[in-house]
Amino acid sequence: MLNMAEGLARLRDLAEGPVVSALATTFQAAGFELAVVGGPVRDALLGRVTHDLDFTTNASPDEILELVKPIATAHWDIGRAFGTIGARVQGEQVEITTYRADSYDGVTRKPTVEFGTAIDGDLVRRDFTVNAMALQVPAVKLVDPTGGVEDLVTGILRTPTDPNVSFGDDPLRMLRAARFSAQLGFDIEEATRDAIVRLRQTLKIVSPERIQSELVRLMQTDDPVRGIRVLVETSLIDEFLPEVTALQLEVDEHHHHKDVYEHSLTVLQQAIELEHVRHPDAEPDVPLRIAALLHDIGKPRTRKLEPGGAVSFHHHDVVGSRMARKRLQALRFDGETTDAVTALIELHLRFFGYAEGAWTDAAVRRYVRDAGSVLERLHILTRADVTTRNRRKVARLAGAYDDIEKRIADLREQEEIDSIRPELDGNQIQQILGITPGREVGEAYKFLLEVRLDEGVIGADAAEQRLREWWAARG
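Residues numbered from 1 in each chain as written. Predicted model: local features only at pLDDT ≥ 70, side-chain atom pairs only at ≥ 80, totals over all residues. Heavy atoms only, no water.

**Regarding the pattern of salt bridges**
At step 1: Per the stated rule, a full pass over the model turns up 35 salt bridges.
At step 2: In this structure, Arg80 engages Asp62 in a salt bridge whose closest nitrogen and oxygen atoms are separated by 2.2 Å. Taken as a pair, Arg80 in the loop between strand S3 (74-76) and strand S4 (84-89) and Asp62 in helix H4 (residues 61-68) lie far apart in primary sequence, 18 residues in all.
At step 3: Notably, a salt bridge pairs Arg226 with Asp187, separated by 2.7 Å at the nearest N-O pair. With a gap of 39 residues between them, Arg226 in helix H11 (residues 224-233) and Asp187 in strand S11 (residues 187-188) connect regions that are remote in the sequence.
At step 4: Take Asp187: its relative accessible area is 47%, and that puts it in the partly exposed class.
At step 5: Linked through salt bridges whose partners overlap, the residues forming this network are Arg278, Glu376, Arg383, Asp402 and Glu405. (Salt bridge = Lys/Arg side-chain N within 4 Å of Asp/Glu carboxyl O. Helix = DSSP H or I, 4+ residues; strand = E, 2+ residues; numbered from the N terminus. Buried < 20%, exposed > 50% of the residue type's maximum accessible area, 1.4 Å probe, protein only.)

Next up, the structure:
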């Protein structure tokens with residue numbers, strides 16, 4: 001609950017901070033207005049950590065640049081056409097933007113940039129009332145033309161103007177509504193939510209890169225599940241990630257299985273909890289969280305109703321991995337993230353074979369080899385994938401995974417299990433066998449790798465003997 005007295009005290013602290021004070025003094029001396037705007041004001045009122053500082057002013061971009069040069073250690077004008085000048089002041093990155101009064105064509109989402117003359121007009125064009133507040137400095141005056149404080153008190157997300165107009169100006173704001181709902185724990189006002197349902201298909205005019213960026217920011221929140229529910233309930237997610245909605249499988253009256261959608265949300269929530277336990281100081285692991293959400297997206301395509309009421313999803317791990325790759329590439333995710341997510345989805349069932357019967361050391365080595373750089377994430381995802389209410393089964397699976405992690409640790413002490421490779425490299429193989437580079441070298445390397453995986457470290461001499469025997473057997 002917002003305590004206004006404490007909130008106003010935090011606003012004064014914000015205004016008196018070294019960066020804000022330096023800029024406020026500089027702009028006031030030159031006869032210009034300056035205000036901290038948007039997220040920093042909202043977060044200060046709520047008592048949340050304030051991140052990058054954004055400012056708005058009646059100074060033009062050229063005037064802003066001239067004012068910040070003497071007090072900045074660096075500055076850039078990549079957003080100059082939109083009125084924004086960036087700078088680093090006393091070690092902090094800031095952005096300062098001329099008052100805006102943009103208009104949109106409703107087709108491309110590209111605004112016709114128009115500079116405004118008053119702060120109220122600039123604030124009214126922003127996405128939500130809680131982000132449409134400004135703190136004028138050095139006067140320490142809160143400007144709130146759209147009722148943002150009241151919405152902070154009641155925990156409501158609402159557009160400053162008619163939501164049909166606001167979302168028509170920039171459809172990405174609908175996705176931001178889900179993100180802020182997750183980030184702040186706020187409900188979306190009814191008219192605003194109705195507009196999302198009505199206008200969801202207009203998200204098609206937004207670039208995949210912008211949608212991806214907003215999805216990532218949603219997954220970085222403490223409670224992305226809340227935002228995912230908003231996206232599914234409004235059907236907005238169908239415009240860029242329809243595989244999640246498809247998890248809501250229709251249950252046949254004669255065939256029963258768990259709710260895959262609810263299961264996936266629970267896995268996501270449990271993965272986040274395990275993140276915090278195992279890596280309490282780390283940044284949110286977006287690839288892990290995306291993999292947790294999407295790990296079962298192959299189930300709708302592979303579902304088969306078996307005789308006797310059983311339901312099977314054979315190979316949904318492999319199918320789901322391919323589906324995820326296609327979707328993440330469409331959203332312009334980078335290759336590293338895409339590879340990590342798809343590997344996790346493809347491997348997320350592998351452990352359950354271990355739970356059914358102890359593996360050989362060779363099987364453990366292959367598990368580590370196949371997981372590669374995502375092994376720690378796979379530990380978390382696999383543990384999070386246990387959502388049964390059967391306490392005995394939960395305890396058995398947890399014990400089995402404790403065991404496999406211990407065996408991996410033991411093997412690490414004995415050998416270089418995380419970078420398994422043959423004990424002879426390609427050059428040595430060529431010298432021993434008297435062959436030149438080609439397919440046969442690759443086949444020999446693969447044979448020696450299998451020996452290494454099956455038997456562990458056997459030494460270079462033994463590896464050479466095994467190689468010669470293999471070569472002789474080939475004729």
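**A closer look at the nonpolar core**
At step 1: Within the largest apolar cluster, 116 residues are counted, with the highest numbers of intra-cluster contacts made by Leu23 and Phe240.
At step 2: Here Phe240 is in contact with Leu175, Leu203, Ile211, Leu215, Leu231, Arg327 and Leu331, once residues within four sequence places are set aside.
At step 3: Counting eleven residues, the second largest nonpolar core, distinct from the first, contains Ile429, Ile432, Ala444 and Trp470. (Core = buried A, V, L, I, M, F, W, Y, C linked by side-chain atoms within 4.5 Å. Contact = heavy atoms within 4.5 Å.)

**Details of the packing of aromatic side chains**
At step 1: Evaluation of the coordinates by the stated rule reveals six aromatic pairs.
At step 2: Each ring, one from Trp470 and one from Trp471, has its centre 6.1 Å from the other, and the planes form 40°; the classification is tilted.
At step 3: Assessed through its relative accessible area of 25%, Trp471 is described here as partly exposed.
At step 4: Through successive ring pairs, a cluster of aromatic residues spans Phe351, Phe352 and Tyr401.
At step 5: Arg179 extends its terminal NZ or CZ atom over the ring of Phe180, reaching a point 4.4 Å from the ring centre.
At step 6: Sitting above the plane of the Phe313 ring, Lys299 keeps its charged end 4.8 Å from the centroid. (Phe/Tyr/Trp six-rings, centres within 6.5 Å; stacked < 30°, edge-to-face > 60°. Lys NZ or Arg CZ within 6 Å of the ring centre and 35° of its normal.)

**Remarks on helix H14 (residues 286-294)**
At step 1: Along H14, nine of the nine residues are buried, which leaves the element largely enclosed by surrounding structure.
At step 2: Within H14, burial applies to Val286, Pro287, Leu288, Arg289, Ile290, Ala291, Ala292, Leu293 and Leu294.
At step 3: By the N-cap criterion, in which a side-chain oxygen at the helix start approaches the backbone nitrogen of a residue two or three places on, H14 is capped by Asp285, the distance to Leu288 being 3.2 Å. (Polar contact = N/O pair within 3.5 Å; in protein donor to acceptor, adjacent residues only side chain to side chain.)

**Focus: the pairing of S4**
At step 1: In terms of burial, S4 is a largely internal element, five of the six residues being buried.
At step 2: With three bridges joining them, S3 and S4 adopt antiparallel strand pairing. The partner of His75 across the bridge, within S4, is Ala87.
At step 3: Connecting S4 to the next strand, strand S5 (residues 92-98), in antiparallel fashion are two residues, including Gln90 with a positive phi near 50°. (Pairing = 2+ DSSP bridges.)

**Details of helix H2 (residues 18-29)**
At step 1: Over its twelve residues, H2 extends 16 Å from the first C-alpha to the last, a length consistent with the 16 Å expected when each residue adds 1.5 Å.
At step 2: Along H2, the residues classified as buried are Val19, Val20, Ala22, Leu23, Ala24, Thr26 and Phe27.
At step 3: Packing partners of the buried residues in H2 comprise helix H1 (4-15), strand S1 (34-37), strand S2 (53-57), H4, S4 and S5. (Expected span 1.5 Å × (residues − 1).)

**Some remarks on the packing of H2 against H4**
At step 1: Running from N to C, H2 and H4 cross one another at 120°; their axes reach a closest spacing of 10 Å. Between H2 and H4, the crossing angle belongs to the class labelled oblique. The element H2 and its partner H4 pack so that their crossing is right-handed. Across from Leu23, Thr26 and Phe27 in H2, the residues of H4 making contact are Ile64, Leu67 and Val68.
At step 2: When the residues that make up the contact of H2 with H4 are grouped by side-chain class, the tally is five nonpolar, one polar and no charged. (Axes fitted to C-alpha atoms, helices over the stretch in contact; angles between N-to-C directions. Parallel < 35°, antiparallel > 145°, perpendicular 65-115°, else oblique. Left-handed = near helix turned anticlockwise from the far one by under 90°. Nonpolar A, V, L, I, M, F, W, Y, C, P; charged D, E, K, R; others polar.)

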